[in-house]
Amino acid sequence: YRDCQRMVRDARYKLFWYPDINRYQLFDLKEDPDELNDLSQKKDHETKLAEMKKLLAKERELWGDTKTLPSKKNP
């Protein structure tokens, strides 16, 4: 999955990022262990989404992940 998705988690939440389409998915693993309810677009989870994005950015930096969003010139 290294070319199409990124994932990070903490004790309760898991965040996926799909850089080729710039889409996020956020799951509450305590309440939704089967990851069926994407919380990334829910207003009451905006703070957690931002927190998890920061955690993902730190991990990407730690691992030297330079994957960027595709541009129309360079898909």
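Residues numbered from 1 in each chain as written. Predicted model: local features only at pLDDT ≥ 70, side-chain atom pairs only at ≥ 80, totals over all residues. Heavy atoms only, no water.

Student: Explain the nonpolar core to me, using residue names and the numbers behind them.
Tutor: Core analysis: the biggest nonpolar cluster contains nine residues, these being V8, Y13, L15, W17, L26, L39, L49, M52 and L56. Sorting the residues of this core by element identifies β2 (13-18) and α1 (46-63) as the ones contributing at least two each. Beyond its immediate sequence surroundings of up to four residues, L56 is in contact with R6, M7, V8, L15, W17 and Y24. (Core = buried A, V, L, I, M, F, W, Y, C linked by side-chain atoms within 4.5 Å. Buried < 20%, exposed > 50% of the residue type's maximum accessible area, 1.4 Å probe, protein only. Helix = DSSP H or I, 4+ residues; strand = E, 2+ residues; numbered from the N terminus. Contact = heavy atoms within 4.5 Å.)

Student: How would you sum up the pairing of strand β3 (residues 23-28)? Please name residues and give values.
Tutor: The pairing of β2 with β3 spans six bridges and is antiparallel. If you follow W17 over to β3, its bridge partner there is Y24. Connecting the antiparallel pair β2 and β3 is a turn made up of four residues, with N22 showing a positive phi of about 50 degrees. (Pairing = 2+ DSSP bridges.)

Student: Residues and numbers for the packing of aromatic side chains, please.
Tutor: Counted under the stated rule, the structure contains three aromatic pairs. Look at F16 and F27: their rings are 6.2 Å apart centre to centre, the planes differ by 80 degrees, and that puts the pair in the edge-to-face class. Linking F16 in strand β2 with F27 in strand β3, this pair joins segments that are eleven residues apart in sequence. Using a relative accessible area of 11% as the deciding quantity, one classes F16 as buried. (Phe/Tyr/Trp six-rings, centres within 6.5 Å; stacked < 30°, edge-to-face > 60°.)

Student: Let's hear about the side chain of Q5: which residues, and what values?
Tutor: Of note, Q5 is situated in the segment before β1 (6-9). Among the residues examined, Q5 registers a relative accessible area of 18% and is labelled buried. Look past the residues within four positions of Q5 in its chain and what remains in contact with it is F16, W17, Y18 and P19.

Student: Give me the lowdown on the sheet that holds β2, citing residues and values where you can.
Tutor: Here we have three strands laid out as an open sheet, ordered β1-β2-β3, and antiparallel in their pairing. Because the sheet does not close on itself, it has two edges, and the strands there are β1 and β3. Pairwise comparison of adjacent strand axes, ignoring direction, gives a mean angle of 15 degrees for this sheet. One ladder, built from four bridges, connects β1 with β2; its direction is antiparallel. Across the sheet, R6 pairs through a bridge with W17, a residue of β2. Set on the sheet, α1 makes contact with β1, β2 and β3; between it and β2 the angle comes to about 65 degrees. (Axes fitted to C-alpha atoms, helices over the stretch in contact; angles between N-to-C directions.)

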